[in-house]
Amino acid sequence: MTLYVYGLVAACFLGLGFVLQQDAASRAPTADVLSFRLLLDLVRVPRWLLGIGSMVVGQLTSAFALTQGDLSTIEPLLATNLLFAMLFARRLSSQRLGWSGWAGVVLLSGGVTAFIVAGRPEGTDRDAGPLRHWLIFGLLAGIAAVLVLVARRLELFKEPPLLATAAGALYGLQDALTRVSGGIYSSSGLGGLLTSWQPYTIVVLAVVGLVLVQSAFEGGPLRMSLPSLTASEPLAGIACGIGFLGDSIRLTPGALAGEVAGLVAVVVGVFILGRHPVLPTGKQPGAEEG
């Protein structure tokens, strides 16, 4: 039960952080999209710094949960950050949820519950070999790279969903490596962790993911990016957990049906909530650059 609490607390801070970051990034110059200059511009904005602080607290809390629990259990809980983003964004927009908003809430929360109850994910000691490890890692990193390349060929206001999906894939990898790093620290201490490649890769993934997310937030309304980010991160994390971290889920026909239905409900709920007018808008096509 403690892990569930930590997962929901992390989701709360992540949701608040995303809302504050998007509000600040939407005012940044469009020329800074997919550039590290964007971070240099935003670091001078107090609201963005507050959003980053909230996101860091969320990531640290989720990191603790990931090192103590199973990736396939924690990742769906982190997807509820969109519920908290809706709550905080509602304070900015003064919009009512309405039937569509409540439908999204029920689908997202019910989907998470259905996946966990049906799959009963649990960790094992059967980690996959290096080949499978690098195959899944390379596949997710390659998908992220392809999405970014495709996005760069589109107009600015069409880029956010692709950039956010790419960032979600990288964040899923980051979550998986966070769990691996926790295991290294437990077995080999700080010295073993500092001589491993995983923590340094986590930093690289975090920085690249941050640039992608802020570029997505800058390019359009939050509803264009947050659904893709929220849906892709847990899917990538679950793929890593089952693919090479030894997580297992029930594979009976009834369990598989419940797991698929739960994941579909999560994705549909995320996109319903992501397009709700409660979420704030950013730059519109043709808007003047900062």
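Since the structure is predicted, the reported quantities are computational estimates derived from the model, not experimental observations.

Chemist: Quick rundown of the pattern of salt bridges? Include the residues and the values.
Modeler: Two side chains carrying opposite charge are able to pair once their charged atoms lie near each other. Applying the stated criterion across every chain yields a total of one salt bridge. A salt bridge links glutamate 159 to arginine 152, with the shortest nitrogen-to-oxygen separation between them at 3.3 Å.

Chemist: Account for helix 9 (residues 198-219), with residues named and values stated.
Modeler: Spanning 22 residues, helix 9 covers 31 Å between terminal C-alpha atoms, matching the ideal 32 Å at 1.5 Å per step. In terms of burial, helix 9 is largely enclosed, as 16 of its 22 residues are buried.

Chemist: Can you lay out the packing of aromatic side chains for me, pointing to particular residues and giving the numbers?
Modeler: Counted by the stated rule, this structure contains four aromatic pairs. Consider the rings of tyrosine 6 and phenylalanine 64, whose centres lie 4.7 Å apart with planes at 55°: the pair is tilted. Here tyrosine 6 is found in helix 1 (residues 2-25), whereas its partner phenylalanine 64 is found in helix 3 (residues 46-68), with 58 residues between them in sequence. Classification of tyrosine 6 as partly exposed rests on a relative accessible area of 32%. Residues phenylalanine 137 and tryptophan 197 carry aromatic rings whose centres are separated by 6.3 Å and whose planes lie at 80° to one another, so their mutual orientation is edge-to-face. You can see phenylalanine 137 sitting in helix 7 (residues 130-152) and its partner tryptophan 197 sitting in the loop between helix 8 (160-194) and helix 9, a full 60 residues away along the chain. Through a chain of ring-to-ring contacts, the aromatic side chains of Trp134, Phe137 and Trp197 assemble into a single cluster.

Chemist: Describe the nonpolar core, naming the residues involved and giving the relevant values.
Modeler: Judged by nonpolar contacts, the single largest core of 64 residues is most densely connected at Phe18, Leu108, Leu173, Leu212, Leu226, Leu229 and Cys240. Considering every element that reaches this core, the biggest residue donor is helix 8, with 13 residues. The residues touching leucine 173, leaving out its near neighbours within four places in the chain, are Phe137, Leu140, Ala141, Leu205 and Cys240.

Chemist: Talk me through the packing of helix 7 against helix 8; I want residue IDs and the actual numbers.
Modeler: Two quantities define a packed helix pair, namely the angle between the helix axes and the distance between the axes. Relative to each other, helix 7 and helix 8 sit at 160°, their axes nearing to 8 Å. By the criterion of interaxial angle, the relationship of helix 7 to helix 8 is roughly antiparallel. Helix-helix and strand crossings are classified by hand; for helix 7 and helix 8 the assignment is left-handed. Across the interface between the two elements, Phe137, Leu140, Ala141, Ala144, Leu147, Val148, Val150 and Ala151 of helix 7 pack against Leu162, Leu163, Thr165, Ala166, Ala169, Leu170, Leu173 and Leu177 of helix 8. Grouping the constituent residues of the contact of helix 7 with helix 8 by class yields 15 nonpolar, one polar and no charged.

Chemist: Give me the environment of leucine 229: which residues, what numbers.
Modeler: With respect to the helices, strands and loops of the structure, leucine 229 is situated in helix 10 (residues 222-244). The class for leucine 229 is buried, based on a relative accessible area of 2%. Separated by 63 residues in the primary sequence, leucine 229 and alanine 166 have C-alpha atoms spaced 7.9 Å apart. The residues contacting leucine 229, other than those within four sequence positions of it, are Phe18, Ala164, Ala167, Gly168, Tyr171 and Val213.

Calculation rules
- Residues numbered from 1 in each chain as written.
- Predicted model: local features only at pLDDT ≥ 70, side-chain atom pairs only at ≥ 80, totals over all residues.
- Heavy atoms only, no water.
- Salt bridge = Lys/Arg side-chain N within 4 Å of Asp/Glu carboxyl O.
- Helix = DSSP H or I, 4+ residues; strand = E, 2+ residues; numbered from the N terminus.
- Expected span 1.5 Å × (residues − 1).
- Buried < 20%, exposed > 50% of the residue type's maximum accessible area, 1.4 Å probe, protein only.
- Phe/Tyr/Trp six-rings, centres within 6.5 Å; stacked < 30°, edge-to-face > 60°.
- Core = buried A, V, L, I, M, F, W, Y, C linked by side-chain atoms within 4.5 Å.
- Contact = heavy atoms within 4.5 Å.
- Axes fitted to C-alpha atoms, helices over the stretch in contact; angles between N-to-C directions.
- Parallel < 35°, antiparallel > 145°, perpendicular 65-115°, else oblique.
- Left-handed = near helix turned anticlockwise from the far one by under 90°.
- Nonpolar A, V, L, I, M, F, W, Y, C, P; charged D, E, K, R; others polar.

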